Amino acid sequence: MSTSLELLLGPAPPGTPAHRRRLRSDDGIALRLTSNAGDDQVMLLSSPGHLPPGTELGTPRSLWHHTLAHPRRPGLRLSLVVPAGSVRVHLMDVWPRHAVPPQALAEVLDEHSRRHRLWRAALAADGTEDHGAIDGTRLAPDHWAILPHPYA
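Position numbers for residues count from 1 along each chain, tracking the sequence in the order it is written. Totals for whole chains, interfaces and linings use every residue, but because this is a predicted model, local features are given only for residues with pLDDT of at least 70 and side-chain atom pairs only at 80 or more, for both listing and counting. With hydrogens and water set aside, each side-chain value is computed from the structure's full complement of heavy atoms.

Another point: the pairing of strand 6 (residues 88–96). One bridge is not enough; two strands pair if DSSP finds at least two bridges between them. Put simply, DSSP marks the helices as runs of H or I at least four residues long and the strands as runs of E at least two long, and each gets a number from the N terminus on. Bridge count between strand 3 (residues 41–50) and strand 6: eight bridges; the pairing is antiparallel. Each residue of the ladder has a partner; that of Q41, found in strand 6, is P96. Looking at chain direction, strand 5 (residues 77–82) and strand 6 are connected through five bridges and run antiparallel. Note on strand 6: the bridge partner recorded for L80 is L91.

Quick look at the structure:
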């Protein structure tokens, strides 16, 4: 039986676990694809940057996240995640094993990469760098609302 990632990407290269893959876009965005232990869900993850200093999420001891259903792909959920005790922003797309057929994977990867670029630009505009250099610029309370919607 093939794993979820083998169905989407073909056989894993030698030495690569069947449930984990790392991809890189032409412009350098690092994407991680994993399937869970039961191989019934696939997760696509990237990290576009860091929150500005002083940003309070109200959950210092637990994961902060916001999740929405994908507007055109039933079963696919889009999340913005900040781990507890971290300022690192993660974008995470999760779907059941068969919700994204292999012929649609390139479009899902492109959409995720487009959201990653939008978040990277928004976080950098507030004085953060993708590689961890953070200055004292604070995030305006309404800043997140003006991000362009990736499906507009």
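Before going further, it helps to examine the nonpolar core. Counting residues in each nonpolar core, the largest one holds 15 residues, and the members touching the most others are L44 and W95. If you list the elements that add at least two residues to this core, you get helix 1 (4–9), strand 2 (30–35), strand 3 and helix 2 (105–125). The element best represented in this core is helix 2, accounting for three residues. Every residue pair with non-hydrogen atoms within 4.5 Å of one another is taken to be in contact. If we skip the residues at most four places from it in the chain, L44 touches L31, R32, L33, L91, M92, D93, W95, V108, L109 and H112. Throughout, nonpolar core names a set of buried Ala, Val, Leu, Ile, Met, Phe, Trp, Tyr and Cys residues whose side chains join them through atoms within 4.5 Å. Between buried and exposed lies partly exposed: a residue is buried under 20% and exposed over 50% of the maximum accessible area for its type, with that area taken using a 1.4 Å probe on protein chains only. Membership of the second largest hydrophobic core comes to seven residues, among which are L80, V89, W119 and L123.

The next thing to look at is the pairing of strand 1 (residues 20–24). Strand residues, when the strand is regular, have side chains that alternate between the two faces of the sheet. In this sheet, strand 2 lies alongside strand 1 in antiparallel orientation, the contact comprising five bridges. Bridge pairing in strand 2 links R22 to R32. Taking the residues between adjacent antiparallel strands as the criterion, strand 1 and strand 2 are bridged by five residues, where G28 takes a positive phi near 95 degrees.

This paragraph deals with the pattern of salt bridges. Any carboxyl oxygen of Asp or Glu that lies within 4 Å of a side-chain nitrogen of Lys or Arg is treated as forming a salt bridge with it. Counted under the stated rule, the structure contains six salt bridges. Because the salt bridges share partners, they merge into one network encompassing R72, R73, E107 and E111.

Attention now moves to the confidence of the model for the chain. Taken as a whole, the chain shows an average pLDDT of 79; of its residues, 80% reach a score of 70 or greater. Within the chain, strand 6 carries the highest mean pLDDT (95), whereas helix 1 carries the lowest (88). As a per-residue quantity, pLDDT reports the predictor's confidence and falls between 0 and 100. Low confidence marks residues 128–152, where pLDDT is under 50. Its contacts with residues over four positions away, or in another chain, come to 54 contacts.

Right, let's talk about the sheet that holds strand 4 (residues 64–69) for a bit. Taking strand neighbours across the sheet as the criterion, the six strands line up as 1-2-3-6-5-4 in an open arrangement whose pairing is antiparallel. Looking at the sheet topology across the chains shown, the edges are occupied by strand 1 and strand 4. Each adjacent strand pair in this sheet contributes to an overall mean axis angle of 20 degrees, direction not counted. Where strand 2 meets strand 3, four bridges bridge the pair, whose relative direction is antiparallel. All axes here are fitted lines through C-alpha atoms, helices being fitted over the stretch that makes contact, and every angle between N-to-C directions spans 0 to 180 degrees.

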